[in-house]
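Each chain, letter by letter, is given below.
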Amino acid sequence: MNKILFLIVVLLLITVGCEKEIDTTYLITKTSIGKLEKGSLVRDLEVIFDQDSIVKDTVKLLQGFGAAKIKVFEKGGKHLFTLTPSTDSIPTIENINVRDPRFQTENGIGINSTFKDIKEKYTIKKIQTSLNNVVVFVKNSDVYFTIDKKELPSSLQYASSVNVEAVQIPDAARIKYMMVGWENP
């Protein structure tokens, strides 16, 4: 009887002591997006994404310049993201345009989220208005979101000089682009 009780206690301790491992395959954190780490070198992309396909701008490469945009696809053809390298002598990744809805921030926000989701999970730092879009920057994150002006009330869609406030963006406004901007490490 004591042996059975001892085994039950040991199994409970093992079960309670083990933490659930988090799958980071599609997780966006402050220092990574999936397998890509902040500070990763462009020349290492072939190794990092050895199971995926990488497409570089061959026109720029043939002219002797680095690739302006680098697209990363899954082997099945699904576009994961587009990378923009820095112009440093040893280029790193500067910006990432997330294209796959499986990628989400630690707060659960992805390209299929709405402005309401962003407001609920983040504090809005700044909203920048451009000709066709508004860009939403959030506090304590390198992630920022672009919302098409077509998602806004008609009075705001055609005015490029009007500064859009968070209260003017409808909760149901969808994300057009989800970007990650990394400064050089």
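Scroll up for the structure.
No experiment lies behind these values; they were computed from the predicted model shown.

1. Structural notes on the pattern of salt bridges
- With the rule as written, the count across this model stands at 8 salt bridges.
- Where Lys35 meets Asp52, a salt bridge forms, and the shortest distance between an N and an O atom there is 3.3 Å. Taken as a pair, Lys35 in the loop between β2 (32–33) and β3 (36–37) and Asp52 in the loop between α2 (45–48) and β4 (53–56) lie far apart in primary sequence, 17 residues in all.
- Residue Lys35 is classed as partly exposed on the basis of its relative accessible area of 43%.
- Given the relative accessible area of 15%, Asp52 is considered buried.

2. Some thoughts on the pairing of strand β9 (residues 124–129)
- In this sheet, strand β10 (residues 133–138) lies alongside β9 in antiparallel orientation, the contact comprising 5 bridges. The residue of β10 that forms the bridge with Gln128 is Val135.
- In this antiparallel pair of consecutive strands, β9 and β10, the connection spans 3 residues.

3. A short note on the packing of aromatic side chains
- This model, assessed by the stated rule, comprises 5 aromatic pairs.
- Ring centres 5.7 Å apart and planes at 65° place the aromatic pair Phe49 and Phe81 in the edge-to-face group. Here Phe81 lies in strand β6 (residues 79–85) and Phe49 lies in the loop between α2 and β4, a separation of 32 residues in the sequence.
- Judged by its relative accessible area of 3%, Phe49 falls in the buried class.
- Here the aromatic rings of Tyr122 and Phe145 are separated by 6.4 Å at their centres, their planes lie at 50°, and the arrangement is tilted. Pair noted here: Tyr122 is in the loop between α4 (115–121) and β9 and Phe145 is in strand β11 (residues 143–148), with a separation of 23 residues, a long-range link. No difference in accessibility class separates Tyr122 from Phe145, as the two residues are buried.
- Ring pairs connect the aromatic residues Tyr26, Phe49, Phe81 and Phe103, which therefore count as one cluster.
- If you follow Lys126 out to its NZ or CZ, it ends over the ring of Phe137, 5.2 Å from the centre.

4. Thoughts on the sheet that holds strand β5 (residues 70–73)
- What the 8 strands build is an open sheet, ordered β4-β5-β6-β7-β12-β11-β10-β9; its pairing is antiparallel. For this open sheet the edge positions go to β4 and β9, each flanked by a neighbour on one side alone. Ignoring strand direction, the axes of neighbouring strands in this sheet form an average angle of 25°.
- Examined bridge by bridge, strand β7 (residues 93–98) and strand β12 (residues 177–181) share 4 bridges and lie antiparallel to one another. In the strand pairing of β12, Val98 is matched with Met178.

What counts, and at which threshold
Residues numbered from 1 in each chain as written. Predicted model: local features only at pLDDT ≥ 70, side-chain atom pairs only at ≥ 80, totals over all residues. Heavy atoms only, no water. Salt bridge = Lys/Arg side-chain N within 4 Å of Asp/Glu carboxyl O. Helix = DSSP H or I, 4+ residues; strand = E, 2+ residues; numbered from the N terminus. Buried < 20%, exposed > 50% of the residue type's maximum accessible area, 1.4 Å probe, protein only. Pairing = 2+ DSSP bridges. Phe/Tyr/Trp six-rings, centres within 6.5 Å; stacked < 30°, edge-to-face > 60°. Lys NZ or Arg CZ within 6 Å of the ring centre and 35° of its normal. Axes fitted to C-alpha atoms, helices over the stretch in contact; angles between N-to-C directions.

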